[in-house]
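# Geometric and topological summary
Spelled out, the chains give:
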Amino acid sequence: MTLPGWKELPEGAVVREPGNTVTISTGEWRVFKPVIIDEKCTRCRLCWIYCPDGTIIEVDDPNAPLGKRYEVDYEHCKGCGICWKECPVNAIEWVPEER
Amino acid sequence: MVKMVRKALTTNYAVAHAAKDSDVDVIAAYPITPSTPAAEKLAEYVANGELDAEYVHVESEHSAASALVGASAVGARAFTVTASQGLIYMSEVLYIASGLRLPIVLGVASRALSAPLSIWGDMHDIAPLRDAGLIIYFVSSAQEAYDSVIQAFKVAEDPRVHLPAIVDYDGFIMSHVTEPVDVIDREDVLKYIPKKVTWNTLNPKQPISIGTVGDPDYYYEFKYQQQVAMENAVKVAEEADKEFEKMFGRGYGLIEEYRMDDAEVAMIAYGAHAGTARVAVDKAREEGIKVGLIKLRLWRPFPTEHLMKALENVSVVGVLDRAMALGAPRQGPVVKDVISMYASDPSKAPKVASYALAIGQRDVKIEDLVAVAKQLDEFAKGKEIPNKTICIGLRE
Amino acid sequence: MALKEVGPMEPIRTHMQIPREELIAPGHSACQGCGHFIIVRHLLKAAGPNTIVVNPTGCLEVVTTVFPYSSWKVPWIHVAFENGGSVASGVEAAIKSLQKKGILPKDERINVVVFAGDGGTVDIGFQSLSGMFERRHKVVYVLLDNEAYMNTGIQRSGSTPYGAWTTTTPVGKRWKGEWRVRKDMMQIAVAHHVPYAATINPAYPVDMYNKMVKALKAEGPAFLHAYSPCPTGWRFDPSLTVEVARMAVLTGYWVLYEYDHGNYKVTVPVLKRKPVREFVKMQGRFRHMTEEQIKKLQEIIDEQVEHINKLVGKTVIGPVVEEQKK
């Protein structure tokens, strides 16, 4: 990969694409992954609240109970396990990653 | 012609006046001798409504520079004054301001550095900042200081530059001495430096990140960008000076030559002592010595080509430095630049004599500099130049 | 009926009302389970997009902004380590000046928020923060306290608790971890007459969120002392970040209280405190501690609790009650 030369780089090392770390995958960090068992999920939202990386996604779904469900952004989830620990109804399983 | 009002001002007050006339938006200042009266005057302007700016009463010079960086990063025209320990304390942030490419402007009433403690004037404070990526003007009169602050904003804010700038003047000898200064109407000043933000700013409507990490893949390119901006600043400073002269009738050049036309030897001086050197040149000329003077006005970026051209026909040049670079082959900060100008082709170089003077505001008399002129003449006639700095006015 | 999500700077009754919009993107290189990001995510939700972030040097800065990347969806600036308070002062002063002159829209509110670590706050940035408080800049200063210099690899700071191992308070023949009592930053903030100061903890999201809103609405400088567990530096499994944070509250190690325009209030009363041992045993940094050291730490916590009870004028944090073993 050729990196841009000094003429092409923005002045003062500013980053003009806010939030572009989203293009970096951190999913490879995981040894275990959280798997949400939708049938057990009470939509209490605590996994979404506590996830440091914002990788629990709240999805509107008119067919789901209370109109929403939760998904894991596996591209970015680092596998810390906070959601799994904090889920009050054990609706998140902690599954070893197989690659 | 634009309207001017003649006022009696110290250089401190002239610098504060220039900041007022530049309609600065944010001032963050901390008192330090000998720049304090400028900080007081700015406060007075804000206090009585002559200047519509936020005055941040910072708790240190480090915070003064930091607050200016923050202010400039929002798009404000930001200004401070300082000296000596204060400038050194700021220096960490000034390097960063340059790297972030923010056009803050500072007035510096140059003063010695401790220890021993000295509140008196010399250039030990500004000397170490020569590599920080700052535009540095040396000025020799209150009028030049006033004009240079306004020019400094012009150069610093130019899109080809975007670097911080310092207008450096002598502590006490200039900072506290009253001279006549023709001040320009603010409206006219703002025609010369309109408020136009071209640098990177923090704006919620267009969020950017300023001050990122430059890893080995990138750091080098960003440092080189600063160097290019510095190189551009030579031309931009020259243009700014010419435009200033056109609008306001006063121009200085990047260097000022005095009786250089037929000079065989020359002195390079900067700051207040350029005035003393000018008188000394006249006296030495009366005694038949063909000596000329170059007043260095822009130290960073260094006006290499201008200086080389001015020294073309000179066989010996004496550089009158105002700070000591301890342990270096020559003690002066400027003499090293003069020597290195010729590094790629020494055959073009005049012989260079290095002088230290006015250290800790040790008095320098006209006769001292007449003696320098005579000595340069002897060097030109074959006397050996000492392979070290010659200390003027030092007791053995 | 489900409660609707609130807009920026509005208080909430339940965590269901916290806005969904994320203003910090994933993909950054923070450690797994980093406490900072739970706090930062919610602060940005509370503040909304009209916010400028000042971020002095530290983990948060380094992991989010390695060129050409940035996780920040709001304008963000980093200058150095020790000047979060003064850079924010300049940002706020510039906004004020440019709004007065009509260069920035006059009635548009722009929040200025500092995220700084404990090193950048209680140690090297102490002076610039003091100046910012004293000059009444309208800035929300968030201290993300992980109780040591984690970015440089776990060195002790003025916020490192008694007994904690760090790489500069190692456990050896003579030293047994940190032996001094940490600074009380809340009281230092209050001594500057700030209108609002509060402790927050990610295990108590509603309390945390509402304090963020109060801080953002304050008419002058506001201080939020955020407890931010660090799995890497404290030596615990990253899945336990919230549990460790919660245990800090349940043991009285971390009292959730606020100082709101002269009034103290404990916002999460703990009537029966767990012994601090419960908190200590979760973390490898305390593993070496002797019974005597744990007793000393308990005394330090008891003193702190007593002090806060005195401030609020009643016993809101109760005595230690050992759980009966069954």
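The shown structure was predicted, so the numbers you read here are calculated from the model rather than taken from an experiment. (Residues numbered from 1 in each chain as written. Chains lettered and ligands numbered in written order. Predicted model: local features only at pLDDT ≥ 70, side-chain atom pairs only at ≥ 80, totals over all residues.)

## Considering the overall build of chain B
We apply this condition: Only DSSP runs of H or I reaching four residues or more are called helices, and only runs of E reaching two or more are called strands; each is numbered from the N terminus. Two things to know: the radius of gyration comes from C-alpha atoms, and the globule rule equals 2.2 Å times the number of residues to the power 0.38. Residues with at least 20 neighbouring C-beta atoms inside 10 Å of their own are called buried, those with 12 or fewer are called exposed, and the rest are partly exposed, where every C-beta is derived from the backbone. With C-beta atoms placed from the backbone, a contact is any residue pair whose C-beta atoms sit within 7 Å.
Counting secondary structure elements, chain B contains 11 helices and 16 strands. The C-alpha atoms of chain B give 21 Å as radius of gyration, which agrees with the globular expectation for 396 residues (21 Å, within 12%). By its C-alpha atoms, chain B is 70 × 55 × 45 Å across when sized along the principal axes. Residue burial in chain B is summarised as follows: out of 396 residues, 58% are buried. In chain B, the share of contacts with a sequence separation of at least 24, taken over all contacts with a separation of at least 6, comes to 81%.

## Focus on the sheet that holds strand 13 (residues 298–300) of chain B
Residue and element names in this part refer to chain B. In plain terms, the rule: At least two DSSP bridges between two strands are required for those strands to pair. Under this scheme, a helix contributes an axis fitted over its contacting stretch, all axes are lines through C-alpha atoms, and angles between N-to-C directions fall in the 0 to 180 degree range.
Strand order in the open sheet formed by 7 strands is 3-2-4-5-7-6-13, and the pairing between neighbours is mixed. In this open sheet, the two strands that pair with only one neighbour each are strand 3 (54–56) and strand 13. On average, adjacent strands in this sheet sit at an angle of 20° to one another, irrespective of strand direction.

## A look at the nonpolar core
For clarity, the cut-off: Each nonpolar core consists of buried Ala, Val, Leu, Ile, Met, Phe, Trp, Tyr and Cys residues. Their C-beta atoms, within 7 Å, join them into a set.
Counting 269 residues, the largest nonpolar core has V26(B), V69(B) and V91(C) as the members making the most contacts within it. Considering every element that reaches this core, the biggest residue donor is helix 5 (residues 142–157) of chain B, with 9 residues. V91(C) has contacts with G70(B), A71(B), A73(B), V74(B), L202(B), I52(C), V54(C) and V112(C), leaving out every residue within four places of it along the chain.

## Let's talk about the interface of chain B and chain C
Contacts between the two partners involve 39 residues from chain B and, on the opposite side, 40 residues from chain C. Within the residue set of the side of chain B that touches chain C, elements represented by two or more residues are strand 2 (26–28), strand 3, helix 3 (61–72), helix 4 (84–99) and strand 9 (209–210) of chain B. A total of 8 residues in the side of chain B that touches chain C trace back to one element, the largest contributor, which is helix 3 of chain B. Bridging between strand 9 of chain B and strand 2 (residues 76–77) of chain C involves 2 bridges; their strand directions are parallel. Looking at the pairing, S209(B) lines up with W76(C) of strand 2 of chain C.

## Considering the domain arrangement of chain B
Residue and element names in this part refer to chain B. Note the following rule: Each domain span listed reflects an automatic or database assignment of domains. When residue character is reported, Ala, Val, Leu, Ile, Met, Phe, Trp, Tyr, Cys and Pro are called nonpolar, Asp, Glu, Lys and Arg charged, and the others, Gly included, polar.
By the assigned domains, chain B splits into domain 1 (4–248) and domain 2 (255–391). Its C-alpha centre places domain 1 at a distance of 28 Å from the equivalent point of domain 2. Listed by partner, the interface residues are 25 residues for domain 1 and 21 residues for domain 2. When residues of the side of domain 1 that touches domain 2 are traced back to their parent elements, those giving at least two are strand 6 (135–138), strand 7 (165–170) and helix 7 (219–248). For the side of domain 1 that touches domain 2, the element with the highest residue contribution is helix 7, accounting for 5 residues. Considering only residue class, the side of domain 1 that touches domain 2 consists of 17 nonpolar, 4 polar and 4 charged.

## Points about the pairing of strand 4 (residues 78–82) of chain B
Residue and element names in this part refer to chain B. Our working rule: When the strands point away from the viewer, a crossover counts as right-handed if the route from the first strand across the helix to the second turns clockwise.
Summarising burial for strand 4: 5 of the 5 residues are buried, a large majority. With burial as the criterion, each face of strand 4 is covered, one bearing A78, T80 and T82 and the other bearing F79 and V81. Of the strand pairs in this sheet, strand 2 and strand 4 are connected by 2 bridges, and their pairing is parallel. Looking at the pairing, V26 lines up with A78 of strand 4. Pairing of strand 4 with strand 5 (residues 105–110) involves 4 bridges; the strand directions are parallel. Considered in strand 5, the bridge of T80 is made with L106. For the crossover from strand 4 across helix 4 to strand 5, the handedness is right-handed.

## Focus: the interface of chain C and chain A
Tallying the contact residues gives 34 residues for chain C and 30 residues for chain A. For the side of chain C that touches chain A, the secondary-structure elements that each account for two or more residues are helix 1 (35–47) and helix 9 (241–250) of chain C. Counted by class, the side of chain C that touches chain A contains 18 nonpolar, 11 polar and 5 charged residues.

## Structural notes on helix 1 (residues 11–21) of chain B
One full turn of an α-helix is made of 3.6 residues, so residues set three or four places apart face in the same direction. All names here are of chain B. Summarising burial for helix 1: 11 of the 11 residues are buried, a large majority. Those residues of helix 1 lying buried are T11, N12, Y13, A14, V15, A16, H17, A18, A19, K20 and D21. Just downstream of helix 1 lies D23, where phi reads positive at about 55°.

## Considering the packing of helix 3 (residues 84–100) of chain C against helix 5 (residues 126–134) of chain C
All names here are of chain C. Where helix 3 meets helix 5, the closest approach of the two axes is 6 Å, and the angle between their N-to-C directions is 35°. Across from G84, G85, S86, A88 and S89 in helix 3, the residues of helix 5 making contact are S128, L129, G131 and M132. Considered class by class, the residues forming the contact of helix 3 with helix 5 number 3 nonpolar, 6 polar and no charged.

## Some points on the sheet that holds strand 12 (residues 291–296) of chain B
All names here are of chain B. Sheet architecture is open: 6 strands sit in the order 10-12-11-14-15-16, paired in mixed fashion. Each having just a single partner strand, strand 10 (255–258) and strand 16 (390–391) make up the two edges of the open sheet. Here helix 10 (residues 333–341) sits on the sheet in contact with strand 11 (265–269), strand 12, strand 14 (316–321) and strand 15 (351–356), set at roughly 150° to strand 14.

## Quick word on unusual backbone geometry
Put simply, S114(B) and A115(B) share a cis peptide bond, and its omega is 0°. Inspection of the secondary structure puts A115(B) in the loop between strand 5 and strand 6. With an omega of 0°, the peptide bond between A115(B) and P116(B) qualifies as cis. Note on placement: P116(B) falls in the loop between strand 5 and strand 6. Despite not being glycine, L66(A) shows a phi value in the positive range, around 60°. Here L66(A) shows up in the loop between strand 2 (56–60) and strand 3 (68–72). The exposure class of L66(A) is partly exposed, given the 13 C-beta atoms found within 10 Å.

## Digging into the packing of helix 5 of chain B against helix 7 of chain B
All names here are of chain B. Formally: An angle counts as roughly parallel when it lies under 35 degrees, as roughly antiparallel when it exceeds 145, as roughly perpendicular when it falls between 65 and 115, and as oblique in every other case. By definition, any crossing whose near helix is turned counterclockwise from its far helix by less than a right angle is left-handed, and any crossing with a clockwise turn is right-handed.
Taken N-terminus to C-terminus, the directions of helix 5 and helix 7 make an angle of 130°; their axes are 9 Å apart at the nearest point. For the element pair helix 5 / helix 7, the angle class is oblique. Read as a crossing pair, helix 5 and helix 7 show a hand that is right-handed. Each of D147, Q151, K154 and V155 in helix 5 lies in contact with helix 7, whose residues at this interface are A233, V236, A237, A240, D241 and F244. Looking at the contact of helix 5 with helix 7 residue by residue, the class counts come to 6 nonpolar, 1 polar and 3 charged.

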